[in-house]
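Spelled out, the chains give:
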Amino acid sequence: MSARNWGVLFVLCGAIFLEGIDVAMLNVALPSIRAELGMSTGELQWVMSAYVLGYGGFMLLGGRAADLFGRRRMFVLWLAVFLLFSGLGGFATEGWMLITARFVTGVAAAFMTPAGLSIITTSFAEGPQRNKALLIYSGTAAGGFSVGLVVGGLLTAVDWRWVFFAPVVLSAVILVGALTLVPASPRPDRTGQRVDLAGAVSVTAAIVLLVLGVERAAHASLGQTIGTLAAGLALFAAFVAVERRAAAPLVRLGLLRGGPLVRANVVGLLFAAGFFGFQFLVVLYLQELRGWSTLQTSLAMVVIGLDSVLSPTLTPKLVDRFGNARVIFGGLLLAALAYGLFLPVGADWTYPMMLPSLVLLSLGFALAYGPLTIVATEGVREEEQGLAGGLLYTSFQFGAALGLSAVTAVNVAATDGNSPAALLDGYHAGLVVPVVTALLAAAVGAFGLRSGRRPGVVAAAGDTGAADRAQTPAAR
């Protein structure tokens, strides 16, 4: 890659690292935030839920906005918004102020992240060069989350407000880098392409309600959950009806006929559900049952961050030799094995007894996450790359919310009391959820094995010009 390409990749990796570290640092700071602001448990959950709603709900719209209004323009604009509201969160004196700041920060991330991903997929030639860039990018995302766990513990020990101020400094550096290193792209040709307001409103409202219903399932009544999910599904049906009739739809429905793309999104949803659900239960086990401190827990979990090293080093070699489908399938099986090895966890387990699961999970993540990103964007029209990235990250976010809600519900239902034995019963029951989701993801991913290894461009269904463009230097 040229020096210019490395500069672009450096900036975009910094942005995805920022997004990961921001979420991870806040996770470990929540108890300190509650103590100072006097927030109830329900209010405290909204500090996380508000970000999830903004991030998951607006991701699809954010991806399409990048395609329509310019990827660099959207990336820089929403990075600035992210910087501003992250800083405002650090000045919050009331719970509602922090919740509002987190919601807007989530919306900013929803526009910034798919714009960044689409800059990569349109700046690097499809094939080995793009694959390498995407695997470095995914490894950096994983590294941000892992580093954030430790840094968040250290900053919280000083003052929880630094969890919000630190991303401001990093955002400012990335913003300067983006303005300097990311080249301006021509204004997208929107001739005949109006903004699909009806589609944007209906799909954003649908996703917000679906994520809200899943996120709050363990804390709301059954009737409220069913009502919220039903409303979300109804709006989603309305969105599909709007898109069928729209002259310039927000989402070209033909894009969703591509088997590899749909499979990557389904696998991504299930994989995220197991990955985040498992980490949540491990944190509960270490802090509630074992009495480990926040920093001890962070240091114990940081081994999962090995994927940030493995993604750009080991995974590209395996992809070159075996193809994306086989590497993803192997990663999903390793994740299922990691969760299964943790199932018999006891009240007196030593850290070396936990370590195999954490190491295997880091390897599984390294093998699955990056190649899923490649498959979900491969062969998609250049003018729809932002949308493809938005679809994938929406799947990841919805899967994370689904996994956290499911393991929480199962854990609460299976825990009868506060004794160590009762807590263990709850953990054992909850740990079944990640195992099941990983196996389901592997079953879906197995369908990709039938096509074998197919180098080069794989055209998404409905993209009849992809094969022709693949032969032109401009497309490569």
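Residues numbered from 1 in each chain as written. Predicted model: local features only at pLDDT ≥ 70, side-chain atom pairs only at ≥ 80, totals over all residues. Heavy atoms only, no water.

**Student:** Describe in detail helix H6 (residues 162-181), supporting the description with residues and values.
**Tutor:** Over its 20 residues, H6 runs 28 Å from end to end, which matches the ideal 28 Å to within 8%, given 1.5 Å per residue. Every buried residue of H6 is listed here: Val163, Phe164, Pro167, Ser171, Ile174, Leu175, Gly177 and Ala178. The arc that holds every buried residue of H6, seen down its axis, measures 165 degrees, which confines them to one face. Facing away from the buried side of H6 by more than 90 degrees, the exposed set consists of Val169, Val173, Val176 and Thr180. Packed against the buried residues of H6 are helix H1 (3-37), helix H3 (71-90), helix H4 (95-123) and helix H5 (128-158). (Helix = DSSP H or I, 4+ residues; strand = E, 2+ residues; numbered from the N terminus. Expected span 1.5 Å × (residues − 1). Buried < 20%, exposed > 50% of the residue type's maximum accessible area, 1.4 Å probe, protein only. Arc of directions from axis to C-beta. Contact = heavy atoms within 4.5 Å.)

**Student:** A description of the nonpolar core should follow, citing residues and the corresponding values.
**Tutor:** If you look at the biggest cluster of nonpolar residues, it comprises 119 residues, and the most contacted ones within it are Ile33, Phe75, Tyr285, Phe342 and Tyr393. It is H1 that contributes the most residues to this core, 18 residues altogether. For Phe342, the residues in contact, after removing those within four places along its chain, are Phe278, Val282, Tyr285, Trp349, Met354, Ser357 and Leu431. If you look at the next biggest cluster of nonpolar residues, it comprises 18 residues, including Leu60, Ile207, Phe239 and Leu391. (Core = buried A, V, L, I, M, F, W, Y, C linked by side-chain atoms within 4.5 Å.)

**Student:** Before we move on, can you summarise the environment of Gly227 with the specific residues and values?
**Tutor:** With respect to the helices and strands, Gly227 occurs in helix H8 (residues 222-245). Judged by its relative accessible area of 38%, Gly227 falls in the partly exposed class. Sequence separation of Gly227 and Gly213 is 14 residues, and the distance between their C-alpha atoms is 8.3 Å.

**Student:** Break down the environment of Ser146 for me, with residues and values.
**Tutor:** Along the polypeptide, Ser146 turns up in helix H5. When its relative accessible area of 6% is taken as the criterion, Ser146 is described as buried. Through-space distance from the C-alpha of Ser146 to that of Arg72 is 27 Å; in sequence the pair is 74 residues apart.

**Student:** A description of the pattern of salt bridges should follow, citing residues and the corresponding values.
**Tutor:** Tallied over the full model, the rule gives five salt bridges. A salt bridge links Glu36 to Arg161; its shortest N-O distance comes to 3.1 Å. On the criterion of sequence distance, the pair formed by Glu36 in helix H1 and Arg161 in the loop between H5 and H6 is long-range, its members being 125 residues apart. Taking relative accessible area as the criterion, Glu36 reaches 47% and is therefore assigned partly exposed. Using a relative accessible area of 15% as the deciding quantity, one classes Arg161 as buried. Across the salt bridge formed by Asp67 and Arg64, the nearest N and O atoms sit 3.6 Å from each other. One end of the pair, Asp67, and the other, Arg64, are both in helix H2 (residues 41-69), three residues apart, so they sit about a helical turn from each other. Its relative accessible area of 9% is what places Arg64 among the buried residues. What emerges from the salt-bridge pattern is a single network uniting Arg64, Asp67 and Arg71. (Salt bridge = Lys/Arg side-chain N within 4 Å of Asp/Glu carboxyl O.)

**Student:** Describe the environment of Gly54, and please don't skip the residues or the numbers.
**Tutor:** The residue Gly54 is located in helix H2 in this model. Residue Gly54 is classed as buried on the basis of its relative accessible area, which comes to 0%. As a C-alpha pair, Gly54 and Ala109 span 55 residues in sequence and 8.2 Å in three-dimensional space. Contacts of Gly54, omitting those with residues within four sequence positions, involve Phe103, Gly106, Val107 and Ala110.

**Student:** With reference to specific residues and values, describe helix H12 (residues 324-342).
**Tutor:** An ideal rise of 1.5 Å per residue puts 27 Å on 19 residues; H12 measures up with 27 Å between its terminal C-alpha atoms. Buried within H12 are the following residues: Asn324, Val327, Ile328, Gly331, Leu332, Leu334, Ala335, Ala336, Ala338, Tyr339 and Phe342. Against helix H9 (259-289), helix H11 (307-322), helix H13 (351-377) and helix H15 (420-445) lie the buried residues of H12.

**Student:** Could you give an account of the packing of aromatic side chains, naming the residues involved and the relevant values?
**Tutor:** Summed over all chains, the structure comprises 19 aromatic pairs. Pairing Phe58 with Phe103 gives two aromatic rings, centres 6.3 Å apart and planes at 80 degrees, and the pair type is edge-to-face. You can see Phe58 sitting in helix H2 and its partner Phe103 sitting in helix H4, a full 45 residues away along the chain. Accessibility expressed as a relative area gives 21% for Phe58, which makes it partly exposed. Residue classification places Phe103 among the partly exposed positions, given a relative accessible area of 33%. Residues Tyr285 and Tyr427 carry aromatic rings whose centres are separated by 6.1 Å and whose planes lie at 90 degrees to one another, so their mutual orientation is edge-to-face. Here Tyr285 is found in helix H9, whereas its partner Tyr427 is found in helix H15, with 142 residues between them in sequence. (Phe/Tyr/Trp six-rings, centres within 6.5 Å; stacked < 30°, edge-to-face > 60°.)

**Student:** Go over the confidence of the model for the protein with me, naming the residues and quoting the values.
**Tutor:** In low-pLDDT regions, the fine details of the predicted coordinates are not to be read closely. Residue-level pLDDT values for the protein average 83, and 92% of them are 70 or greater. Highest mean pLDDT in the protein belongs to H12 (95); lowest belongs to helix H16 (residues 466-470) (37). (pLDDT = per-residue confidence, 0-100.)

**Student:** Please set out a nonpolar patch on the surface residue by residue, giving values where relevant.
**Tutor:** Taken together, Leu154, Leu295 and Leu299 make up a surface patch of nonpolar side chains, about 250 Å² in accessible area. One can find Leu299 in helix H10 (residues 294-301). (Patch = residues over 30% accessible without salt bridge, like charges linked within 9 Å, V, L, I, M, F, W, Y side chains within 5 Å. Areas by Shrake-Rupley, 256 points an atom, 1.4 Å probe, with all protein chains shown as cover.)

**Student:** Let's hear about the packing of H1 against H3: which residues, and what values?
**Tutor:** Packing of H1 against H3 leaves a shortest axis separation of 13 Å and a crossing angle of 30 degrees. For the pair H1 and H3, the crossing hand works out as left-handed. Across the interface between the two elements, Val11, Leu12, Ala15, Leu18 and Asp22 from H1 touch Phe75, Leu79, Phe82 and Ser86 from H3. Looking at the contact of H1 with H3 residue by residue, the classes come out as seven nonpolar, one polar and one charged. (Axes fitted to C-alpha atoms, helices over the stretch in contact; angles between N-to-C directions. Left-handed = near helix turned anticlockwise from the far one by under 90°. Nonpolar A, V, L, I, M, F, W, Y, C, P; charged D, E, K, R; others polar.)

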